[in-house]
Amino acid sequence: MREFPYRTALVTGASSGIGEGFARRLAAQGVDLVLVARRGDLLKQLAAELESSHGVRVEAMPADLTDEGQLAAVQERLIDPARPVELLVNNAGSSDSGAFAELPAERELHTAVLNAVVPLRLTRACLPGMIARGAGGVVNVSSLVAVLPKPRSATYAASKAFLSSLGESLAMEVARHGVHVTTVHTGLTRSGFHEAAGVAPDTLPKINWLTPDEVARSGLEAVAAGRPSAVPGLAYRIRLPLMRAMPRSVVRAIVRRVHKA
């Protein structure tokens, strides 16, 4: 990677998985960090490890981003003029597995808020300062399912489609100000996310899975280069344009066969 252009970063969902991958990559680049996640014990352990290993400053900020007061506190940290954050990584997310009509409505709203509304609010909080400084970056961790129907994960797919569309539009709005917004379209990644969503690993495709470090590397290289999109993994880089180009009737037929929907 070329010399990394950002000196400070805030990463959400940083206590494990892809968020931890971003935190480790950034710390190795000498970037001071603000790490946000619900699991404060894991967050503090990671912060101490990164400070010791890389000599960077790491602030652990335990927060449930679906709680209004705690989200507001993270927004305030983002816009603190005395401690400017140059890069925001919107990684926190959630999903459930099951038929939409049978899943708890409150849980589906939680998924929609965490995957779509929270990144919107955090990005809206930090962009004005970045534009005023003439520099800054935002990385949104989305998914390949943003371009697909996804039976049994309908809210997750819809919220990622929102996030991808938002990121692409914002990238066009702010590039002229020296600010870069990059959307990372991940494929299947060994991060513990699917197990947390209630999906048994043996029901998932037997393909070459990505690692959190691969996803983080792809996203950070893209935002450093000012690219609006990143797709980790060669196989997924081939698949994404094909999925976008196929007629939707064909896409639905393929998804129906895969999911037996």
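All figures in this text were calculated on a predicted structure; none of them were measured in a lab.

**Here's the deal with the overall build of the protein**
No. 1: For the protein, the helix and strand inventory stands at nine helices and seven strands.
No. 2: Against the 2.2 N^0.38 benchmark of 18 Å for 261 residues, the protein shows a C-alpha radius of gyration of 18 Å, consistent with a compact globule.
No. 3: In the protein, the proportion of contacts linking residues at least 24 apart, taken out of those at least 6 apart, comes to 67%.
No. 4: Here the protein displays about 12,600 Å² of accessible surface, and carbon together with sulfur accounts for 55% of that area.
No. 5: Of the charged side chains in the protein, 30 are positive and 24 negative, and the gap between their average positions amounts to 8 Å.

**What about the packing of aromatic side chains?**
Remark: the centre distance and the inter-plane angle together describe each pair of aromatic rings, the angle taken between the planes.
No. 1: Within this structure, the stated rule accounts for one aromatic pair.
No. 2: Consider the rings of F4 and Y6, whose centres lie 5.6 Å apart with planes at 80°: the pair is edge-to-face. For the pair F4 and Y6, one class covers both residues: buried.

**What about the environment of L120?**
No. 1: Tracing the backbone through its elements, the reader meets L120 in helix α4 (residues 105–133).
No. 2: Assessed through its relative accessible area of 34%, L120 is described here as partly exposed.

**A closer look at unusual backbone geometry**
No. 1: Even without glycine at this site, R152 takes up a positive phi of about 75°.
No. 2: Here R152 shows up in the loop between β5 (136–143) and α5 (154–174).
No. 3: Residue class for R152 comes out partly exposed when judged on its relative accessible area of 48%.

**Re the pattern of salt bridges**
No. 1: Scanning all chains against the criterion turns up eleven salt bridges.
No. 2: We note a salt bridge from D32 to R57, for which the minimum N-O separation is 2.8 Å. On the criterion of sequence distance, the pair formed by D32 in strand β2 (residues 32–37) and R57 in the loop between α2 (40–54) and β3 (58–62) is long-range, its members being 25 residues apart.
No. 3: For D32, a relative accessible area of 18% translates into the label buried.
No. 4: D96 serves as the salt-bridge partner of R107, at 3.3 Å between the closest nitrogen and oxygen. Within this pair, whereas R107 is found in helix α4, its partner D96 is found in the loop between β4 (87–90) and α4, the two being separated by eleven residues in sequence.
No. 5: One network of salt bridges, in which partners are shared, links E59, R77, D80 and R83.

**Brief notes about a nonpolar patch on the surface**
No. 1: Residues L234, I238 and L242 make up a contiguous nonpolar surface patch of about 310 Å² in total accessible area.
No. 2: Inspection of the secondary structure puts I238 in helix α8 (residues 234–245).
No. 3: Look at I238 and you get partly exposed, because its relative accessible area is 48%.

**Topic: α4**
No. 1: Compared with the 42 Å implied by 1.5 Å per residue over 29 residues, the 41 Å span of α4 between its first and last C-alpha is a close match.
No. 2: Along α4, the sharpest kink reaches roughly 40°, centred on V113.
No. 3: G134, located one to two residues past α4, shows a positive phi value of around 75°.

**Topic: the pairing of strand β1 (residues 8–12)**
Regular strands show a simple pattern: their side chains alternate between the two faces of the sheet.
No. 1: Where burial is concerned, most of β1 is hidden: five out of the five residues are buried.
No. 2: The two faces of β1 match: T8, L10 and T12 on one face and A9 and V11 on the other face are all buried.
No. 3: With five bridges connecting them, β1 and β2 associate as parallel partners. When the sheet's bridge partners are listed, L10 is paired in β2 with V34.

**Focus: the packing of α4 against α5**
No. 1: Two elements in contact, α4 and α5, have axes whose closest approach is 8 Å; the angle formed by their N-to-C orientations is 10°. Considering the angle they form, α4 stands roughly parallel to α5. Between α4 and α5, the residues in contact are E108, T111, A112, N115, A116, P119, L120, T123, L127 and I131 and T155, Y156, S159, K160, F162, L163, L166, L170 and V174, respectively.
No. 2: For the contact of α4 with α5, a count of residues per class yields twelve nonpolar, five polar and two charged.

**Concerning empty space enclosed by the protein**
A water-sized probe, rolled over the atoms, reveals where empty space remains.
No. 1: The final tally for this structure, using the stated rule, is one cavity of 30 Å³ or more.
No. 2: Considering only enclosed or pocket space, the largest cavity measures out at about 30 Å³ in volume.
No. 3: For the largest cavity, the full set of lining residues is T12, L65, N90, N91, A92, L114, V118 and P119.
No. 4: Here the element with the most residues in the lining of the largest cavity is α4; it accounts for three residues.

Rules of the game
- Residues numbered from 1 in each chain as written.
- Predicted model: local features only at pLDDT ≥ 70, side-chain atom pairs only at ≥ 80, totals over all residues.
- Heavy atoms only, no water.
- Helix = DSSP H or I, 4+ residues; strand = E, 2+ residues; numbered from the N terminus.
- Rg over C-alpha atoms; globule rule 2.2 N^0.38 Å.
- Contact = heavy atoms within 4.5 Å.
- Areas by Shrake-Rupley, 256 points an atom, 1.4 Å probe, with all protein chains shown as cover.
- Lys, Arg positive; Asp, Glu negative; His and termini not counted.
- Charge placed at Lys NZ, Arg CZ, Asp CG, Glu CD.
- Phe/Tyr/Trp six-rings, centres within 6.5 Å; stacked < 30°, edge-to-face > 60°.
- Buried < 20%, exposed > 50% of the residue type's maximum accessible area, 1.4 Å probe, protein only.
- Salt bridge = Lys/Arg side-chain N within 4 Å of Asp/Glu carboxyl O.
- Patch = residues over 30% accessible without salt bridge, like charges linked within 9 Å, V, L, I, M, F, W, Y side chains within 5 Å.
- Expected span 1.5 Å × (residues − 1).
- Bend = angle between axes of the 7 residues up to and from the residue.
- Pairing = 2+ DSSP bridges.
- Axes fitted to C-alpha atoms, helices over the stretch in contact; angles between N-to-C directions.
- Parallel < 35°, antiparallel > 145°, perpendicular 65-115°, else oblique.
- Nonpolar A, V, L, I, M, F, W, Y, C, P; charged D, E, K, R; others polar.
- 1 Å grid on protein atoms, 1.4 Å probe; cavity = no way out; pocket = protein on both sides within 12 Å on 5 of 7 lines; lining within 4 Å.
- Points joined across faces, edges and corners; volume = space filled by probe spheres on them.

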